[in-house]
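# Topology and contacts: notes
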Amino acid sequence: MQWSTPESRVIVARKSRPKIGLILSTAWMGLCGFAAIFGDLLPIPAWDEYDYESLGVPMFTSGHLLGTDFDGTDILAGIVHGARTSLGIALTAVILGSLVGGTLGIVAAYRRGWVDSFVTMYFNVALSIPTLVLTLVMVALFSSPNLDDPSAGMPRELVIIISLTLVIIPIIGRIARSSALTWTGRDFVLVAESIGMTRRSILWTHIVPNVLPSLMSVGFLAAGVVIVVEGGLAILGAGTDPGASWGSMLAKNRQDLSILPSTTIIPVVAIAFTVMALNYFGDYVRLRIDDRESRI
């Protein structure tokens, strides 16, 4: 019988102890998710409601916990509504991009030949197009030039989601292809082929489950990048309605930074905390993948 030493018990306890970063990241993303889903039920003003008697009031003012901007809109209401818009754009673009890019990458890695060459060429061409340039062109071509008259074109948020999805597809696709290539040559895949399993069964049974963790790790990082890119688009005038997202709040109030800094700093903090939390999730999943693969 093998007895555990005090050193081994300390190591096991450290591994089993939840990390403070994971706890904080989970709490912050849970708070953002709650705001995005149940924000309309909170006893706060509407994000686009103007209080002309409270223009540019500071934080902790009665009736406006985080203050208002110089248009009279409540900052807390903007942060709550912005969580829905910013996270909605990021999650939708990442999920769609992961589905399409992941499928193309896995199929290319498994089929090889002309399929792999064609898909790889598409990834390389798509990655050569700058993200901001592609999004600005699509916003200019397909969305309404007047935010007050969306009927003249596609909704601005939809155009942003489509353009960012097109950017994410080759990024996720290359990761999926690289990960799938490492698994297609494993012994259990070769054994499955030798016993006559169909390609579809091998993909769904052996390849896809092993590639998904890598896609999850990259997906968290990509979601953080999308939130930052959406903020950059808002500053360039190609974002969502003013104040509708964290990035558009930043763009709307950036000129008031020296007069009322809270209107700009608060959305910046929300973006920063969210990106850090998503990056932590991505790193955490990657570390778990490395630990899992080391045992295989």
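Residues numbered from 1 in each chain as written. Predicted model: local features only at pLDDT ≥ 70, side-chain atom pairs only at ≥ 80, totals over all residues. Heavy atoms only, no water.

### As for the overall build of the protein
Of regular secondary structure, the protein possesses ten helices and zero strands. Moving toward the C terminus, one meets the helices and strands of the protein in the order α-α-α-α-α-α-α-α-α-α. The buried share among the 296 residues of the protein stands at 43%. Contacts in the protein between residues at least 24 apart in sequence constitute 68% of all its contacts with a sequence separation of at least 6. A total accessible area of about 16300 Å² is found for the protein, and carbon and sulfur atoms account for 67% of it. (Helix = DSSP H or I, 4+ residues; strand = E, 2+ residues; numbered from the N terminus. Buried < 20%, exposed > 50% of the residue type's maximum accessible area, 1.4 Å probe, protein only. Contact = heavy atoms within 4.5 Å. Areas by Shrake-Rupley, 256 points an atom, 1.4 Å probe, with all protein chains shown as cover.)

### Some details on unusual backbone geometry
Phi at Phe 60 takes a positive value of approximately 65 degrees, unusual for a residue other than glycine. One non-glycine residue, Arg 112, lies in the positive phi region at around 55 degrees.

### Let's talk about the pattern of salt bridges
Overall, the coordinates contain four salt bridges when judged by the stated rule. Asp 69 is the partner of Lys 252 in a salt bridge, and the nearest nitrogen-oxygen pair spans 3.2 Å. Pair noted here: Lys 252 is in helix 9 (residues 246-253) and Asp 69 is in the loop between helix 2 (20-38) and helix 3 (75-111), with a separation of 183 residues, a long-range link. Linked through salt bridges whose partners overlap, the residues forming this network are Asp 69, Asp 71 and Lys 252. (Salt bridge = Lys/Arg side-chain N within 4 Å of Asp/Glu carboxyl O.)

### Regarding the nonpolar core
Core analysis: the largest hydrophobic core is formed by 53 residues, its most contacted members being Ile 79, Ile 106, Leu 164, Ile 207, Val 211, Val 226 and Trp 246. For this core, the element with the highest residue contribution is helix 8 (residues 199-235), accounting for 13 residues. Once you skip the residues sitting within four places of it in the chain, Ile 106 turns out to touch Ala 176, Ala 180, Leu 203, Ile 207, Val 208 and Val 211. (Core = buried A, V, L, I, M, F, W, Y, C linked by side-chain atoms within 4.5 Å.)

### A short note on the packing of aromatic side chains
This structure, assessed with the given rule, holds five aromatic pairs. Ring centres 5.2 Å apart and planes at 40 degrees place the aromatic pair Phe 34 and Phe 38 in the tilted group. One end of the pair, Phe 34, and the other, Phe 38, are both in helix 2, four residues apart, so they sit about a helical turn from each other. The class for Phe 38 is partly exposed, based on a relative accessible area of 38%. Each ring, one from Phe 220 and one from Phe 281, has its centre 5.5 Å from the other, and the planes form 50 degrees; the classification is tilted. Residue Phe 220 is located in helix 8, and its partner Phe 281 is located in helix 10 (residues 262-295); the two are separated by 61 residues in the primary sequence. (Phe/Tyr/Trp six-rings, centres within 6.5 Å; stacked < 30°, edge-to-face > 60°.)

### Things to note about the environment of Phe 273
Looking at the secondary structure, you find Phe 273 in helix 10. For the pair Phe 273 and Ser 25, spaced 248 residues apart in sequence, the C-alpha to C-alpha distance is 8.3 Å.

### Some remarks on the packing of helix 2 against helix 3
Closest axis-to-axis distance for the helix 2/helix 3 pair is 7 Å, and the angle between their directions is 100 degrees. Taken together, the axes of helix 2 and helix 3 are roughly perpendicular relative to one another. Facing helix 2, whose interface residues are Met 29, Cys 32, Ala 35, Ala 36 and Ile 37, helix 3 presents Val 80, Ala 83, Arg 84 and Leu 87. By residue class, the composition of the contact of helix 2 with helix 3 is eight nonpolar, no polar and one charged. (Axes fitted to C-alpha atoms, helices over the stretch in contact; angles between N-to-C directions. Parallel < 35°, antiparallel > 145°, perpendicular 65-115°, else oblique. Nonpolar A, V, L, I, M, F, W, Y, C, P; charged D, E, K, R; others polar.)

### Remarks on helix 5 (residues 131-142)
An α-helical segment advances 3.6 residues per turn. Residues three or four places apart therefore align on the same side. Helix length check: helix 5, at twelve residues, gives a terminal C-alpha distance of 16 Å against a target of 16 Å (1.5 Å per residue), a fit within 8%. Elements that come into contact with the buried residues of helix 5 comprise helix 6 (156-184) and helix 8. (Expected span 1.5 Å × (residues − 1).)

### Observations regarding the environment of Val 285
Among the secondary structure elements, Val 285 is positioned in helix 10. Judged by its relative accessible area of 15%, Val 285 is buried. Each residue touching Val 285, except ones within four places of it in the same chain, is listed here: Pro 213, Met 216, Ser 217 and Phe 220.

### Overview of the side chain of Ser 262
Its location among the elements puts Ser 262 in helix 10. The contact partners of Ser 262, leaving out residues within four places of it in the chain, are Met 59 and Pro 267.

### Digging into a nonpolar patch on the surface
A contiguous nonpolar surface patch, about 600 Å² in accessible area, is contributed by Leu 91, Ile 95, Leu 96, Leu 99, Val 100, Leu 104 and Tyr 122. In terms of residue count, helix 3 provides more of the nonpolar patch than any other element does, six residues in total. Note that Leu 91 resides in helix 3. (Patch = residues over 30% accessible without salt bridge, like charges linked within 9 Å, V, L, I, M, F, W, Y side chains within 5 Å.)

### Comments concerning helix 2
With 19 residues, helix 2 should cover 27 Å at 1.5 Å per step; its first-to-last C-alpha distance of 26 Å lies within 8% of that length. What helix 2 keeps buried is the set Gly 21, Ser 25, Met 29, Cys 32, Ala 35 and Ala 36. Taken end-on, helix 2 shows its buried residues confined to a sector of 115 degrees, consistent with a single buried face. Among the exposed residues of helix 2, those oriented more than 90 degrees off its buried face are Ile 20, Leu 31 and Ile 37. (Arc of directions from axis to C-beta.)

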